Amino acid sequence: MIVKTTSTDHTMKIGERLARKLKQGDILLLTGDLGAGKTTFTKGIAKGLAITDHVTSPSFTIMSQYPGEKVYLYHFDLYRIEDSEEFLELGLTDFLYGNGVSVVEWSEKLEEYPDEYLSIDIKLDPEDAESRLINFTPQGSHFKEILEKLSQEVF
Ligand code: ADP
Ligand code: MG
């Protein structure tokens, strides 16, 4: 499913709507160039999980955690890690596969993927600085169902 967003707020709104359908243990794997909107999208997710803390990019810390109304958000940013071996050394896998909602920016650095996840690729629009194309690819039936519901909502 590909969704075109036309503003920062629009991208956040889609993240917010998606977040309301998520449950404990769900993993979202984000890809896309620097400035595509991965952190913006994650801020929307945080809003949808009723997180009141200010969500920033965890580039230096690799992972930040935020308590939501029902579940924790584990926000990963793998930009600064070399490879999946370095990720394993950090000992953060228990969070990634933990009992919160995990969102991973630069997820292409991982070599091992979970059995079920939602892949979200964000592309810049060369013709419009405020537009993005968000491509959702579900892995597993749980995320297929979520996408079906999401696609019925108006964008
Ligand atoms: P990333 O985490 O992928 O590097 P960020 O979310 O940090 O990207 O930055 C995206 C930037 O692009 C922000 O400054 C945001 O305001 C801007 N922007 C403009 N239009 C959009 C849009 N439609 N969706 C998301 N971000 C947008
Ligand atoms: Mg980012």
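The name given to the protein in an unreviewed UniProt entry is tRNA threonylcarbamoyladenosine biosynthesis protein TsaE, with Natranaerobius trueperi as the source organism. UniProt annotates the protein under Sequence similarities (unreviewed entry) with the comment "Belongs to the TsaE family."

**Q** Before we go on, may I ask you to explain the pattern of salt bridges in this structure?
**A** Pairs may arise between side chains of opposite charge once their charged atoms sit close together. Evaluated as defined, the whole model comprises seven salt bridges. A salt bridge links Glu-16 to Arg-20; the shortest N-O distance between them is 2.8 Å. Accessibility expressed as a relative area gives 10% for Glu-16, which makes it buried. Residue classification places Arg-20 among the exposed residues on the basis of a relative accessible area of 56%. Asp-26 is paired through a salt bridge with Lys-23; the nearest N and O atoms lie 3.7 Å apart. Note on Asp-26: relative accessible area 3%, which makes it buried.

**Q** I would appreciate a short explanation of the coordination of the magnesium ion (ligand 2) in the present structure.
**A** In an ideal tetrahedron of four donors about a metal, each angle is 109.5 degrees. In an ideal octahedron of six donors, the angles are 90 or 180 degrees. The magnesium ion (ligand 2) binds to the protein through Thr-39 (OG1) and Glu-105 (OE); the donor distances cover 2.2 Å. With Thr-39 in helix H2 (residues 38–48) and Glu-105 in strand E5 (residues 101–105), this residue pair connects regions lying 66 residues apart in the sequence. This pair shows no difference in class: Thr-39 is buried, exactly as Glu-105 is.

**Q** Sorry if this is basic, but what is going on with the packing of aromatic side chains here?
**A** Each aromatic ring pair is described using two quantities: the centre-to-centre distance and the angle formed by the ring planes. This structure, assessed with the given rule, holds six aromatic pairs. Relative to Phe-95, the ring of Tyr-74 lies with its centre 5.3 Å away and its plane at 65 degrees, an arrangement referred to as edge-to-face. Placement of the pair is Tyr-74 in strand E4 (residues 72–77) and Phe-95 in helix H4 (residues 93–96), with a sequence separation of 21 residues. Judged by relative accessible area, Phe-95 falls into the partly exposed class, the value being 28%. Consider the rings of Tyr-79 and Trp-106, whose centres lie 4.9 Å apart with planes at 45 degrees: the pair is tilted.

**Q** Got a minute to help me understand the nonpolar core in this structure?
**A** Across soluble globular proteins, nonpolar side chains show a tendency to be buried alongside one another. Leu-18, Leu-28, Phe-41, Ile-45, Ile-120 and Phe-136 are the most contacted members of the largest nonpolar core, which totals 28 residues. Elements with a contribution of two residues or more to this core: helix H1 (8–19), strand E2 (27–31), H2, E5, strand E6 (117–125), strand E7 (128–139) and helix H5 (141–152). Sequence-distant contacts of Leu-28, that is, excluding residues within four places in its chain, are made with Leu-18, Leu-22, Ile-45, Ser-102, Val-103, Val-104, Leu-118, Ile-120 and Phe-143.

**Q** Please clarify how the sheet that holds E4 should be interpreted in this entry.
**A** Strand pairing in a sheet is mediated by backbone hydrogen bonds. Such pairs are either parallel or antiparallel. Sheet architecture is open: seven strands sit in the order E1-E7-E6-E2-E5-E4-E3, paired in mixed fashion. Two strands close off the open sheet at either side, each with one partner strand: strand E1 (2–5) and strand E3 (63–67). Put simply, the sheet's adjacent strands are angled 20 degrees from each other on average, direction ignored. Relative to E7, E1 runs antiparallel, the two being bridged by four bridges. By the bridge assignment for E7, Val-3 is matched with Ile-134. Of the strands in this sheet, E1, E2, E6 and E7 touch H1, which is tilted by about 140 degrees from E1.

**Q** How do you make sense of H5 when you look at a structure like this?
**A** The α-helix winds at 3.6 residues per turn, so residues separated by three or four positions along the chain end up facing the same way. Between its first and last C-alpha, H5 extends 17 Å over 12 residues, near the 16 Å set by a 1.5 Å rise per residue. All of the buried residues in H5 are His-142, Phe-143, Ile-146, Leu-147 and Leu-150. Projection of H5 onto a plane perpendicular to its axis shows the buried side chains occupying an angular sector of 130 degrees, all on one side. Away from its buried face by more than 90 degrees, H5 exposes Glu-148 and Gln-152. Contacts made by the buried residues of H5 are with H1, E2, E6 and E7.

About the cut-offs
Residues numbered from 1 in each chain as written. Chains lettered and ligands numbered in written order. Predicted model: local features only at pLDDT ≥ 70, side-chain atom pairs only at ≥ 80, totals over all residues. Heavy atoms only, no water. UniProt positions renumbered as here; feature names shortened; annotations may be inferred. Salt bridge = Lys/Arg side-chain N within 4 Å of Asp/Glu carboxyl O. Buried < 20%, exposed > 50% of the residue type's maximum accessible area, 1.4 Å probe, protein only. Donors = N, O, S within 2.8 Å, 3.2 Å for Na, K, Ca; no water. Helix = DSSP H or I, 4+ residues; strand = E, 2+ residues; numbered from the N terminus. Phe/Tyr/Trp six-rings, centres within 6.5 Å; stacked < 30°, edge-to-face > 60°. Core = buried A, V, L, I, M, F, W, Y, C linked by side-chain atoms within 4.5 Å. Contact = heavy atoms within 4.5 Å. Pairing = 2+ DSSP bridges. Axes fitted to C-alpha atoms, helices over the stretch in contact; angles between N-to-C directions. Expected span 1.5 Å × (residues − 1). Arc of directions from axis to C-beta.

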